[in-house]
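Chain residues, written in single-letter form:
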Amino acid sequence: MSDGGEAEGTRDKQNGSNLRSGAGDYSRAISRVAMAQICEGVGFEGFNESALDSLVDIAIRYVCELGKTSRFYANSAGRTGCNVFDIVQGLEDLGRPQGFTGASEVHTDCVVSSGAIREIKEYVDMADEVPFAQPVPQFPVIRERRMIPSFLQMGETPAFKHVPQWLPAFPDAHTYVRTPIWNERLSDPRTDKIELARQHRKAERSLLNLQQRLVCNGSSVAATSAEPCNGGNGSEVNNNGSLSLEKPLETEEIGVPGVSIPPKLYSQAQTEKQVSLLETFAPAIEAMKDGLDSGSDGEKTTPEKRDSVFLELKGGKKVFGEPLDLRIRKAVGRTASWFGREGEKDDKKRRVEFILRQSFENQQELPQL
Amino acid sequence: MNGQTSHQQPKDGRHDDDTALTEFLASLMDFTPTIPDELVEHYLAKSGFQCPDTRLTRLVAVATQKFIADVATDALQQCKARPAVIKDKRDKQQKEKRLILTMEDLSKALREYGVNVKHQEYFADTPSAGLDPASRDE
């Protein structure tokens, strides 16, 4: 039952797509309900899908045919609008195969006495009214079209004489006027470069800050002092292995071959061939922290602190002797050494990063050792 | 041809005709057809029918409804007549068979109205449709 209905339904849809479109499905659904209601009124208790579909098809065809015939008669009478007489003619035409009373006297004078009309009259009197189940809105809904306003509506006068006022107005000038395109650079390359450098510096500073913080957090001793970059303290802590960010032994073994000691440093510490990591980047940290102007003040304070550290570490390792030595010497000839060092700052920073990376990698290897 | 001749009406009966016609159309407005006016309007507009008068669409709706009702009545008669033939072969359940509109009855009814509907034999209208010949063969 349902199979047949579905199969037929699809076929109808394919046929109907040429004939009807848009509101086709909707009107078809309405007519299905209407047909079912009529069948129910006649006395049917049920229907097959295919049969109902055929009935719907026939009803739709009937209406269309009636409209077409009526239009034909109206057109042949020289009219575009149809009237009752055209419809009656159409009804008679459609009812011709079956025949109707009074068919023999087609040319009847009175339209009302026509057989087709008489039958309809009888039906109206006889049949009981079965209104459609639901209120049907007017369809198809024609959306109000938004027209482009004309020159007249816009209150403009056309730019050219040959353009009449009732034509749609031109779009705004900026939408079609040709403008040359320049390959314009919004930003100055120099400022770009400066900005890039600034950002680079910022990133480095934050990296060094992180480094400092790591060092400070690692040492309980440094918590008391406001100065976070105590090279000696930091390395001592690292020596204990609490943070093990850069272990002097590790840096000696691995970091040092990668680190080329700046010539100045080298000359100052010729005897010391091995330089600890913190020594290498401590000046850079200080430079970043204090800036160039206040750098000398920072230098003043640091050696005092480091003296104690120096004493502490002297017996232990050779490594720490060198940087502290250097500090002291630097404090003596501070300006010269400071400015000399300034040029090497970038290299040192780079090295710091490199060594940091390496030490992090080595950190993982430590337990194995 | 008919359209041309129908307009040549004698003047005597015209007044009566007019009143009768107006009365008839007015009576249509009182009658509510099952087929909604909007549906008829839609299809009439599609076929090129132009008329602002709602009475005419109502007339078309009523005419269509009458046509369909006639066809359905005929199909109902066919349906009522059919079980009488098969009644002997079938069970008693078939006697109290519900009246169902089928393609078979519909095509028979429509043939009288000049509509030639061929009922495809391979369509299974009912689940038992395919089984019928087999059971008959047995």
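Residues numbered from 1 in each chain as written. Chains lettered and ligands numbered in written order. Predicted model: local features only at pLDDT ≥ 70, side-chain atom pairs only at ≥ 80, totals over all residues. Heavy atoms only, no water.

An unreviewed UniProt entry lists chain B under the name Transcription initiation factor TFIID subunit 10, with Salvia divinorum as the source organism. Regarding chain B, the relevant UniProt record gives this comment under Sequence similarities (unreviewed entry): "Belongs to the TAF10 family." UniProt annotates chain B under Function (unreviewed entry) with the comment "TAFs are components of the transcription factor IID (TFIID) complex that is essential for mediating regulation of RNA polymerase transcription." (UniProt positions renumbered as here; feature names shortened; annotations may be inferred.)

Chain A has the name Transcription initiation factor TFIID subunit 8 in an unreviewed UniProt entry, where Salvia divinorum is given as its organism. According to UniProt, the comment filed for chain A under the heading Subcellular location (unreviewed entry) is "Nucleus".

A.B. asks: Would you mind going over the pattern of salt bridges in detail, with residue names and values included?
C.D. replies: Per the counting criterion, the structure on display carries 12 salt bridges over all chains. Note that K66 of chain B is salt-bridged to E119 of chain A, the shortest N-O span being 3.0 Å. In this pair, K66 of chain B sits in helix α4 (residues 54-86) while E119 of chain A sits in helix α5 (residues 115-126), so the two residues belong to two different chains. Accessibility expressed as a relative area gives 12% for K66 of chain B, which makes it buried. Residues R198 of chain A and E195 of chain A are paired through a salt bridge, measuring 3.0 Å at the closest nitrogen-oxygen approach. With R198 of chain A and E195 of chain A both in helix α8 (residues 189-218) and three residues apart, the pair spans about one turn of that helix. The network of salt bridges with common partners includes R32, E49 and D53 of chain A. (Salt bridge = Lys/Arg side-chain N within 4 Å of Asp/Glu carboxyl O. Helix = DSSP H or I, 4+ residues; strand = E, 2+ residues; numbered from the N terminus. Buried < 20%, exposed > 50% of the residue type's maximum accessible area, 1.4 Å probe, protein only.)

A.B. asks: Explain the interface of chain A and chain B to me, using residue names and the numbers behind them.
C.D. replies: Listed as interface residues are 80 residues of chain A and, on the opposing side, 68 residues of chain B. Of the roughly 6500 Å² buried between chain A and chain B, counting both surfaces, carbon and sulfur atoms make up 69%. For chain A, the biggest contributors to the area lost against chain B are F44, V63 and Y123 of chain A; these three give 10% of the whole. Connecting chain A to chain B are one salt bridge. Along the contact surface separating chain A from chain B lie 12 residue pairs in polar contact (both at pLDDT 80 or more). Of all the secondary-structure elements, those providing two or more residues to the side of chain A that touches chain B are α1 (2-19), α2 (24-42), β1 (46-47), α3 (49-76), α4 (84-94) and α5 of chain A. Sorting elements by how many residues they give to the side of chain A that touches chain B places α3 of chain A first, with 17 residues. Counted by class, the side of chain A that touches chain B contains 44 nonpolar, 21 polar and 15 charged residues. (Contact = heavy atoms within 4.5 Å. Buried area = accessible area lost by both parts, 1.4 Å probe. Polar contact = N/O pair within 3.5 Å; in protein donor to acceptor, adjacent residues only side chain to side chain. Nonpolar A, V, L, I, M, F, W, Y, C, P; charged D, E, K, R; others polar.)

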